[in-house]
Amino acid sequence: MKRNEGFMHGVNLGGWLSQCEHSYEHYDSFITPSDIETIAGWGADHVRVPIDYELVCNHDGVFLERGFSYITKCIGWCRKNGLNMVLDLHKTEGYIFDNYENSGDFFFNKELQQKFITLWKQLAQRYGDDGDILAFELLNEVVDPKVVAEWNQIATWAIKEIRAICPTIKILVGGVNYSSIETIKLLELPDDDHLVYNFHCYEPFVFTHQNAYWVKEMPKGLKISYPLTGQEYFDAIPERGLDLMKEEYSGKHIDIEFYEKLFSEAIEIAEEKGVSLYCGEYGVIDQASDDEVSKWYEDICTAFDKKGIGSALWNYKAKDFGLVERPKVKIPFLEM
């Protein structure tokens, strides 16, 4: 499979320009040049930078120059420190992945889609010349599994408009159902040598999100170990199993081989299409023990590297997944 060179071992900057208090005071203080120096010093090769629509546009579609300045600065910091960067549109006007029940209109509303396209054309015009270190990720986590056709159409439209400005910049696209790896096969996109198929992996979800307060199905106070068998994970949540642990995993051992098999179908598709594969998010909540988190990272990172899949760990700081708050956690490619 084609490797996503320069984007093999990354770290997310979630909570800076997305999923945050949108204020210039926050933007100025949450991530600074020293943080980029730290990540480069750990041995990462890139950062993934989520942004929200409201960082750079108001609701009338007027561009906000000061908002763009943070993207520009981060590209400069990355260039200075030898890092590449994924620019991820985490939330767009009319679509919010963590409130998708109230934002599904995006997939059927041409006005909202036009705002999405207009923003991507603007980003391409501003940052296309940085394509030697920069990649574009169209949209974070399309959730609803019923909008496959609509998402393929919107993504194809966006790719066409970006390509008219940036013929060779890398463009990352994920499938539906929270960018699940199982939905890579549903992507129907133009043939393009510079496309990257993107997915997120938090399996087993009941371990990586144990006691997560924002997951309504998660039992309060749940503590669970790694590694266990899939059946043990499934049995720990008998009333909520299908929401938190896929039934087809219950008969499997969760280990390196499990992840290799989980990735295998997407790898075959990527090889057939001549594209690379990238996991834009994976990580474990701060409710799990450091030793068990380290073991999970060892397994999934080993599988990524063995199969040539690039990845970005969630998350550098805060957001309940922060690395800087957990210095004893060991990650194979990072020297923290």
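Our structure's up above, just so we're on the same page.
Residues numbered from 1 in each chain as written. Predicted model: local features only at pLDDT ≥ 70, side-chain atom pairs only at ≥ 80, totals over all residues. Heavy atoms only, no water.

**Observations regarding the overall build of the chain**
Step number 1: On a plain count of helices and strands, the chain comes out with 12 helices and eight strands.
Step number 2: On C-alpha atoms alone, the chain measures out to a radius of gyration of 19 Å, which is about the 20 Å that the 2.2 N^0.38 rule sets for 336 residues.
Step number 3: Dimensions along the principal axes, computed over C-alpha positions, put the chain at roughly 50 × 45 × 35 Å.
Step number 4: When the 336 residues of the chain are sorted by exposure, 56% land in the buried category.
Step number 5: Roughly 14000 Å² of accessible area belongs to the chain as shown, and the carbon and sulfur atoms make up 48% of that amount. (Helix = DSSP H or I, 4+ residues; strand = E, 2+ residues; numbered from the N terminus. Rg over C-alpha atoms; globule rule 2.2 N^0.38 Å. Buried < 20%, exposed > 50% of the residue type's maximum accessible area, 1.4 Å probe, protein only. Areas by Shrake-Rupley, 256 points an atom, 1.4 Å probe, with all protein chains shown as cover.)

**Looking at the nonpolar core**
Step number 1: Counting 117 residues, the largest nonpolar core has Trp16, Ile71, Phe116, Leu138, Trp151, Tyr259 and Phe263 as the members making the most contacts within it.
Step number 2: Not counting chain neighbours up to four residues away, the residues in contact with Phe116 comprise Leu89, Thr92, Phe106, Leu138, Leu139, Trp151, Ile154 and Ala158.
Step number 3: Judged by nonpolar contacts, the second largest core, of seven residues, contains Phe7, Leu172, Val196 and Ala312. (Core = buried A, V, L, I, M, F, W, Y, C linked by side-chain atoms within 4.5 Å. Contact = heavy atoms within 4.5 Å.)

**A closer look at the packing of helix α11 (residues 256-273) against helix α12 (residues 290-307)**
Step number 1: In the contact formed by α11 and α12, the axes pass within 9 Å of each other and the chain directions differ by 40°. Considering the angle they form, α11 stands oblique to α12. The two elements α11 and α12 cross, and the hand of that crossing is right-handed. Taken together, the residues of α12 that come into contact with α11 (itself represented by Ile256, Tyr259, Glu260, Phe263 and Ile267) are Trp296, Asp299, Ile300, Thr302, Ala303, Phe304, Lys306 and Lys307. (Axes fitted to C-alpha atoms, helices over the stretch in contact; angles between N-to-C directions. Parallel < 35°, antiparallel > 145°, perpendicular 65-115°, else oblique. Left-handed = near helix turned anticlockwise from the far one by under 90°.)

**Brief notes about unusual backbone geometry**
Step number 1: Residues Tyr226 and Pro227 are joined by a peptide bond in cis, for which omega reads 0°.
Step number 2: With respect to the helices and strands, the residue Pro227 is situated in the loop between α8 (205-208) and α9 (230-235).
Step number 3: One non-glycine residue, Asn177, lies in positive phi territory at about 55°.
Step number 4: Within the fold, Asn177 resides in helix α7 (residues 176-179).
Step number 5: According to the relative accessible area criterion, Asn177 is partly exposed, its value standing at 32%.
Step number 6: The phi angle at Tyr178 is positive, at roughly 65°, despite the residue not being glycine.
Step number 7: Tracing the backbone through its elements, the reader meets Tyr178 in helix α7.

**A short note on the side chain of Asp130**
Step number 1: Tracing the chain through its elements places Asp130 in the loop between α5 (110-127) and β4 (134-137).
Step number 2: The class for Asp130 is buried, based on a relative accessible area of 17%.
Step number 3: One polar contact links Asp130 to Arg79, side chain to side chain, over a distance of 3.0 Å. (Polar contact = N/O pair within 3.5 Å; in protein donor to acceptor, adjacent residues only side chain to side chain.)

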